[in-house]
Amino acid sequence: MNQRNDYPAGVPCWVETFQTDVDAALSFYTAVFGWQPAGPGDLSGDGAGGRYYVARLRGLDVAGISSQPVPGAPTSWLTSVAVADVDEAVKAVTRAGGTVVATPFDTPPVGRAAVVADPGGAVHGLWEGSARAGAQLVNEPGAWSMSQLATPDTSRAAAFYADAYGWTTETLGAGDGAATLFRLPGYVGGVPQEPVSREVVAVMVAGPGPAQWTPNFWVPDADAAESTAAGLGGRTLVPGVPGPAGKTVVLADPQGAVFSVTGVDHRA
């Protein structure tokens, strides 16, 4: 399911990066992924806010590139989860032990959002879409595939995401290389040739902290993407690791936002 028009509640639906130098970020990501940015839109809606660009492939929305909404905020990638009602979802998050980073706000005409954190501090968004449900193209070279949570307390995180969004868990692998797959029962996503259930909506691994969500993007060649990123001032944080879908490399862009790329054969 490469093209998407809707996302059921509980499914991660959008990724966006917030940058101090948005022009530099545009240059970096368009070179790495071949994106065509559309915009800018105005973050505040009154002409006084920062700039927000929608990155596109083949005319379809794949991610957001934004200036910082708050001066001095850390450069980062934000993964957002689709919800039916942002205000009710915030209540569910707090009942589950999470915290509110940004209270619900309107982003006319595309939707309503909030920013929250799980009990370990991993920040993510909530998105109640209207004109934009989320990414229109996924699971394709140059597009977002899935996001991964690294956290020092996987048990606590699993309980939180179950209570907040209805996710269940499944262990993949064993030993130091084990990961936890988050599943939303009844959801059909991904693509048929993926080596995991199509109910999978995210991945969790144990990490030393701080807890963090990181988006993964598919590319035709992970080594080539790593080389391009390095040539533009990016850094390799974790060298290429083979996996079921292909080699994955964890990178940081020149301003410090962390993401990963996986080299896949789109002809499969």
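Cut-offs used in this document
Residues numbered from 1 in each chain as written. Predicted model: local features only at pLDDT ≥ 70, side-chain atom pairs only at ≥ 80, totals over all residues. Heavy atoms only, no water. Helix = DSSP H or I, 4+ residues; strand = E, 2+ residues; numbered from the N terminus. Rg over C-alpha atoms; globule rule 2.2 N^0.38 Å. Contact = heavy atoms within 4.5 Å. Areas by Shrake-Rupley, 256 points an atom, 1.4 Å probe, with all protein chains shown as cover. Lys, Arg positive; Asp, Glu negative; His and termini not counted. Charge placed at Lys NZ, Arg CZ, Asp CG, Glu CD. Buried < 20%, exposed > 50% of the residue type's maximum accessible area, 1.4 Å probe, protein only. Arc of directions from axis to C-beta. Polar contact = N/O pair within 3.5 Å; in protein donor to acceptor, adjacent residues only side chain to side chain. Salt bridge = Lys/Arg side-chain N within 4 Å of Asp/Glu carboxyl O. Core = buried A, V, L, I, M, F, W, Y, C linked by side-chain atoms within 4.5 Å. Pairing = 2+ DSSP bridges. Phe/Tyr/Trp six-rings, centres within 6.5 Å; stacked < 30°, edge-to-face > 60°. Lys NZ or Arg CZ within 6 Å of the ring centre and 35° of its normal.

*Asks:* Please clarify how the overall build of the protein should be interpreted in this entry.
*Replies:* Helix and strand counts for the protein come out as 4 helices and 16 strands. Relative to the globule expectation of 18 Å for 268 residues, the C-alpha radius of gyration of the protein, 17 Å, shows essentially globular dimensions. Counting only C-alpha atoms and orienting by the principal axes, one finds that the protein spans roughly 50 × 45 × 35 Å. Contacts in the protein between residues at least 24 apart in sequence constitute 60% of all its contacts with a sequence separation of at least 6. For the protein, the computed accessible surface area is about 11800 Å², with 54% contributed by carbon and sulfur atoms. In the protein, 14 side chains carry a positive charge and 25 a negative one; their mean positions are 3 Å apart.

*Asks:* Looking at this model, I keep getting lost on helix 2 (residues 86–95). Mind explaining?
*Replies:* Side chains three or four residues apart in an α-helix point the same way, a direct result of the helix having 3.6 residues per turn. Within helix 2, burial applies to Val-86, Ala-89, Val-90, Ala-92 and Val-93. Angular distribution of buried residues about the axis of helix 2 spans 160°; they occupy a single face of the element. At its buried positions, helix 2 is contacted by strand 6 (99–107), strand 7 (111–117), strand 8 (123–129) and helix 3 (154–165). Taking the backbone nitrogen of Asp-87 as reference, a side-chain oxygen 3.0 Å away marks Asp-85 as the first, capping residue of helix 2. Count one or two residues on from helix 2 and you reach Gly-97, which has phi positive near 105°.

*Asks:* How do you make sense of the side chain of Thr-17 when you look at a structure like this?
*Replies:* Position of Thr-17 among the secondary structure elements: in strand 1 (residues 12–19). Given a relative accessible area of 0%, Thr-17 falls into the buried group. Of the polar contacts made by the side chain of Thr-17, one reaches the backbone oxygen of Ser-76; its length is 2.9 Å. Apart from the residues lying within four places of it in its own chain, the contact partners of Thr-17 are Tyr-29, Gly-64, Ile-65, Ser-66, Ser-76, Trp-77 and Ala-257.

*Asks:* Which parts of the structure should I look at to understand the pattern of salt bridges?
*Replies:* Where charged atoms from two side chains of opposite charge approach closely, those side chains can pair. Scanning the entire structure with this criterion turns up 10 salt bridges. Notably, a salt bridge pairs Arg-56 with Asp-61, separated by 2.8 Å at the nearest N-O pair. A relative accessible area of 31% places Arg-56 in the partly exposed class. Looking at Asp-61, the relative accessible area reads 5%, which means it is buried. Salt-bridge contacts for Lys-247 lead to Asp-223; the nearest nitrogen and oxygen are separated by 3.1 Å. Note that Lys-247 is positioned in the loop between strand 14 (235–241) and strand 15 (248–252) and Asp-223 in helix 4 (residues 222–231), a separation of 24 residues in sequence. When its relative accessible area of 41% is taken as the criterion, Asp-223 is described as partly exposed. Each of the salt bridges in this network shares a partner with another, and the network as a whole consists of Arg-56, Asp-61 and Arg-132.

*Asks:* Quick question: what am I supposed to make of the nonpolar core here?
*Replies:* The nonpolar side chains of soluble globular proteins are, as a tendency, buried together. Within the largest apolar cluster, 69 residues are counted, with the highest numbers of intra-cluster contacts made by Tyr-29, Trp-35, Tyr-161, Tyr-165 and Trp-167. Residue contributions to this core peak at 7 residues, all from helix 1 (residues 22–33). With near-sequence residues (within four places) excluded, Trp-35 lies in contact with Tyr-29, Thr-30, Ala-55, Arg-56, Leu-57, Val-62, Ala-63, Ile-65, Trp-77, Gly-142 and Phe-217. Among the nonpolar cores identified, the runner-up in size contains 6 residues, and Met-146, Ala-179, Leu-181 and Val-203 belong to it.

*Asks:* Whenever I open this one, the pairing of strand 6 confuses me. Can you help?
*Replies:* Remark: a regular strand shows side chains that alternate across the two faces of the sheet. For strand 6 and strand 7, the ladder comprises 6 bridges, and the chain directions are antiparallel. What sits directly across from Thr-99, in strand 7, is Ala-117. Here strand 6 hands over to strand 7 after 3 residues, the two strands then running antiparallel side by side.

*Asks:* So what exactly am I meant to see when it comes to the environment of Leu-57 here?
*Replies:* Within the secondary structure layout, Leu-57 lies in strand 3 (residues 51–57). By relative accessible area, which is 9% here, Leu-57 ends up buried. Taking C-alpha positions, Leu-57 is 24 Å from Leu-126, a pair spaced 69 residues apart along the chain. With near-sequence residues (within four places) excluded, Leu-57 lies in contact with Phe-33, Gly-34, Trp-35, Gln-36, Val-62, Leu-137, Pro-141, Gly-142 and Ala-143.

*Asks:* How should I be thinking about the packing of aromatic side chains in this particular structure?
*Replies:* Remark: the centre distance and the inter-plane angle together describe each pair of aromatic rings, the angle taken between the planes. For the structure on display, the rule yields 21 aromatic pairs. Joined through ring pairs, the aromatic side chains of Phe-28, Tyr-29, Phe-33, Trp-35, Trp-77, Phe-217 and Phe-259 make up one cluster. Lying over the aromatic face of Tyr-7, Arg-4 brings its terminal NZ or CZ to 4.5 Å of the ring centre.

*Asks:* Whenever I open this one, the side chain of Ser-145 confuses me. Can you help?
*Replies:* As for its position among the elements, Ser-145 is in strand 9 (residues 144–151). Discounting residues that sit within four places of it in the chain, Ser-145 has contacts with Asn-139, Asn-216, Phe-217 and Trp-218.

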